[in-house]
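Results of the structural survey
For reference, the chains in residue letters:
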Amino acid sequence: MEKWFVAAKKADFDAWARKFHISPVLARILRNRDLTTEAEVDKFLNGTLADCYSPWLLKDMELAVDKILDAVGQGTFIRVIGDYDVDGICASYILTKGLQILGARADTAIPHRIHDGYGLNDSLIEDARRDGVGMIVTCDNGIAAGPQIALANSYGITVIVTDHHEVPFALDDGEALESGNGKQGAAAAKAKGRRELLPPAMAVIDPKQEGCGYPFPGICGGAVAYKVMAALTEKTGSRELKKAMGEFLEFAALSTVCDVMELKDENRIFVKEGLKRLKITQNQGLRALMEVNGLEPDRLSAYHLGFVIGPCLNATGRLDTAKRALELLQSQTHVDAMSAARDLKELNDSRKNLTLQGVCQAESCIAEHHMERDKVFVVFLPEVHESLAGIIAGRIRERYNHPVFVLTRGEEGVKGSGRSIEGYHMYEAMTEVKQYFTKFGGHAMAAGLSMEEKNMEAFRRELNERCGLKEDDFIPKVHIDVPMPLSYASDEIVDNLELLEPFGVGNPKPLFAQKDLIFQSGVKMGANKNFGRFRIMTPEGAEKQLVFFGDLAKFGSFLEQKFGKGSEAALYDGRGNFCVSVVYQLGRNTYRGRTELQFVMQHYS
């Protein structure tokens, strides 16, 4: 069961349609993306890199640039320390290559997920001291590494933090709370009288820190690194660095999509312009990843970044070491890049298989322990690789629409990841039971934790007692952009919808809806007969085709329950007469040289 909602935001849609030469349908969708002024609409539709914000608006940027250039001029050994996910890898690539272009003696260190954990740790600082490093530049981490940065300072190592996560804070009574990977909560922190705990770095570049005048704080670590290089380009006037900014934009776009940033404002421009460059990229590693995955560069989309290329890069950080992904991106020859890309694809294929096994184990555990009665699921899978906990939690959340924590055995105690639902702030809920954790962090929709195994049951019990969720909260919500008859669809509207691309978080592909479609016949398609094509009749008497890539068995059960036993067979035998309301997406499909409008069913009732 789902709840369907039709967006009802107001604007002069006809005026927008006239001014921007778009359909009123598109104007309505733009308003549903929280655009309120003509200037915002113009930037959304027509924004270019010239509309991006100056890097100098980031607090401490001028100080950081000056210190970096001093270090380069003095021959100081600079180490970039990143993270093991796509954002951290891309940010590391941008900073390391940019520094080397300026003539710096620079290298990269990326923590090992299992042995080091997230971000800076004492071991990385000790390694830097032994190697004679004089400056550390972090990327996609560092904002919560106060003790480690203090240790570096004691060794005479200058630290510059570039990050995008929430700044740790303390309550007025002095009780500190970790922010971890949090990307929300700054406003709430201020409202409750909390104070920031900035690390003792020489400079801190993080758009989420107080006093930072950057207009759009929702950028990722790769975008922050891109901004640092933009500032260095302006400051030095380096032609070589200016030329490299095009490639760096590709990595900022990849980071933005893979770190699940909202595709609004500046992020939309990064991805839109970055995709143009990625289609003709000269980076051997990216080209090889496209080739081994069978991607056609000229048809590359944000989907391919987030669900094909990104997972290959992420797989190394999950099952091996993220250094392999960085080495792929730094490949100088096609032969080397192809060899590395094949290895990454094999790792990702292995990760997919392990994930499927883990999801099956989780579902069995939920059934065995009757967890459907819980409001918050806490699933213990001791043998599952800890790096897969978050992916498995996400899959279980999608199926049951409950907040989910998946816990595994780590090298020291239990580690886990959580994924939440709308209306349940996971990080705030965890702060209420923080006595059970040895370490935790997160934000509204996702979190990570470490704890002793003996605390798991108490954690599950108290989390459920405190959660305050009602049965309505577990009903999935479907937000419809425009109720629109299928007969109204046209090539002009589809052309307009393409202006909304790239699609992603914060800018989903639009959803339309029509009631009372009569399903007359259907056929199962695909090599595994796992998607369907249906002939339907609209209330206006028009015959249309709907395709459905969802769960056909579940749709069959819906028909049986609503229209009686034998309904599913009747539909596929061409004897259907079933009245169903549908939420759909609109696009085009080309088959054997013929292009036509395509209606893709997403939800039904």
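Owing to the predicted nature of the structure, the values given are computational and were not obtained by experimental measurement. (Residues numbered from 1 in each chain as written. Predicted model: local features only at pLDDT ≥ 70, side-chain atom pairs only at ≥ 80, totals over all residues. Heavy atoms only, no water.)

Some details on the sheet that holds strand β14 (residues 446-451)
Strand order across the open sheet formed by five strands is β10-β11-β12-β14-β13, with mixed pairing between neighbours. The open sheet is flanked by β10 (377-380) and β13 (437-442), the only strands paired with a single partner. Between one strand and the next, the sheet's axes are offset by a mean angle of 15°, whatever the strand orientation. Bridge count for strand β11 (residues 404-409) against strand β12 (residues 414-419) is six bridges, and the pairing is antiparallel. Within β12, the position partnered with T408 by the bridge is K415. Packed onto the sheet, helix α18 (residues 456-466) meets β10, β11, β12, β13 and β14 and runs at close to 165° relative to β10. (Pairing = 2+ DSSP bridges. Helix = DSSP H or I, 4+ residues; strand = E, 2+ residues; numbered from the N terminus. Axes fitted to C-alpha atoms, helices over the stretch in contact; angles between N-to-C directions. Contact = heavy atoms within 4.5 Å.)

Some points on the sheet that holds strand β9 (residues 203-205)
Pairing within the open sheet is parallel, and its five strands lie in the order β3-β2-β4-β5-β9. Where the open sheet ends on each side, the last strands, each with one partner, are β3 (105-109) and β9. On average, each strand axis in the sheet is inclined to that of its neighbour by 20°, with strand direction left out of account. In terms of strand pairing, strand β5 (residues 158-162) meets β9 through three bridges, oriented parallel. Across the sheet, the residue bridging to I160 is A203, located in β9.

Details of the packing of helix α1 (residues 13-20) against helix α2 (residues 24-32)
Their axes nearest at 8 Å, the elements α1 and α2 cross at an angle of 110°. One element, α1, and the other, α2, form an angle in the roughly perpendicular class. Contact residues: F13, D14, W16 and A17 in α1; P24, A27, R28, L30 and R31 in α2. (Parallel < 35°, antiparallel > 145°, perpendicular 65-115°, else oblique.)

With respect to α2
Within α2, seven of the nine residues are buried, leaving the element largely enclosed by the surrounding structure. Where α2 is concerned, the buried positions are V25, L26, A27, I29, L30, R31 and N32. Buried-residue contacts for α2 involve α1, α3 (38-46), β16 (482-483), α19 (491-498) and β17 (512-525). D34 sits one or two residues past α2 and shows a positive phi near 70°. (Buried < 20%, exposed > 50% of the residue type's maximum accessible area, 1.4 Å probe, protein only.)

Re the pairing of strand β20 (residues 578-591)
Pairing analysis gives six bridges linking β17 to β20, with the strands arranged antiparallel. Paired with L517 across the strands is V580, a residue of β20. As paired strands, β20 and strand β21 (residues 594-604) are joined by 10 bridges and run antiparallel to one another. Paired with T590 across the strands is T595, a residue of β21. What sits between β20 and β21 in their antiparallel hairpin is a turn of two residues, with R592 showing a positive phi close to 55°.

Side note on the pattern of salt bridges
This structure, assessed with the given rule, holds 32 salt bridges. The partner of D374 in a salt bridge is R460, and the shortest N-O contact between them spans 3.0 Å. Placement of D374 in the loop between α15 (334-368) and β10 and of R460 in helix α18 is noted, with a sequence separation of 86 residues between them. The partner of R535 in a salt bridge is E543, and the shortest N-O contact between them spans 3.5 Å. What emerges from the salt-bridge pattern is a single network uniting K9, D34, E262 and K264. (Salt bridge = Lys/Arg side-chain N within 4 Å of Asp/Glu carboxyl O.)

Structural notes on the packing of aromatic side chains
One pass over the structure, following the stated rule, counts 20 aromatic pairs. Aromatic side chains F405 and F459 sit 5.3 Å apart centroid to centroid with 80° between the ring planes, which places their arrangement in the edge-to-face category. Here the residue F405 occupies a position in strand β11, and F459 occupies one in helix α18, the gap between them amounting to 54 residues. The same class applies to F405 and to F459, which are both buried. (Phe/Tyr/Trp six-rings, centres within 6.5 Å; stacked < 30°, edge-to-face > 60°.)

Describing the nonpolar core
In this structure, I78, M229, F248, L254, I309 and L313 are the most contacted members of the largest nonpolar core, which totals 85 residues. F248 has contacts with Y93, I94, K97, G98, Y226, M229 and L241, leaving out every residue within four places of it along the chain. By size, the runner-up hydrophobic cluster in this structure holds 43 residues, among which are M484, A489, V580 and Y604. (Core = buried A, V, L, I, M, F, W, Y, C linked by side-chain atoms within 4.5 Å.)

A look at the side chain of K227
Tracing the backbone shows K227 in helix α9 (residues 221-236). Apart from residues no more than four positions distant in its own chain, K227 is found in contact with C52, Y53, P55, L58, M61, Y214, E266 and F270.

Details of the pairing of β11
Each regular strand carries side chains that alternate between the two faces of the sheet. Buried residues dominate β11, accounting for five of its six residues. Two strands pair when backbone bridges link them, and β10 and β11 are joined in this way by four bridges, in the parallel orientation. Paired with F377 across the strands is V404, a residue of β11. In this view, the connection linking β10 to its parallel neighbour β11 by way of helix α16 (residues 389-400) has right-handed handedness. (Right-handed = clockwise from strand over helix to strand, strands pointing away.)

Quick notes on the packing of helix α12 (residues 284-292) against α15
It is the contact of α12 with α15, at a shortest axis distance of 8 Å, that shows an interaxial angle of 50°. Viewed along their axes, α12 and α15 adopt a mutual orientation that is oblique. The way α12 lies across α15 gives a crossing that is right-handed. Two secondary-structure elements touch here, α12 through Q284, G285, A288, L289, E291 and V292 and α15 through H334, A337, M338, A341, R342 and K345. When the residues that make up the contact of α12 with α15 are grouped by side-chain class, the tally is six nonpolar, three polar and three charged. (Left-handed = near helix turned anticlockwise from the far one by under 90°. Nonpolar A, V, L, I, M, F, W, Y, C, P; charged D, E, K, R; others polar.)

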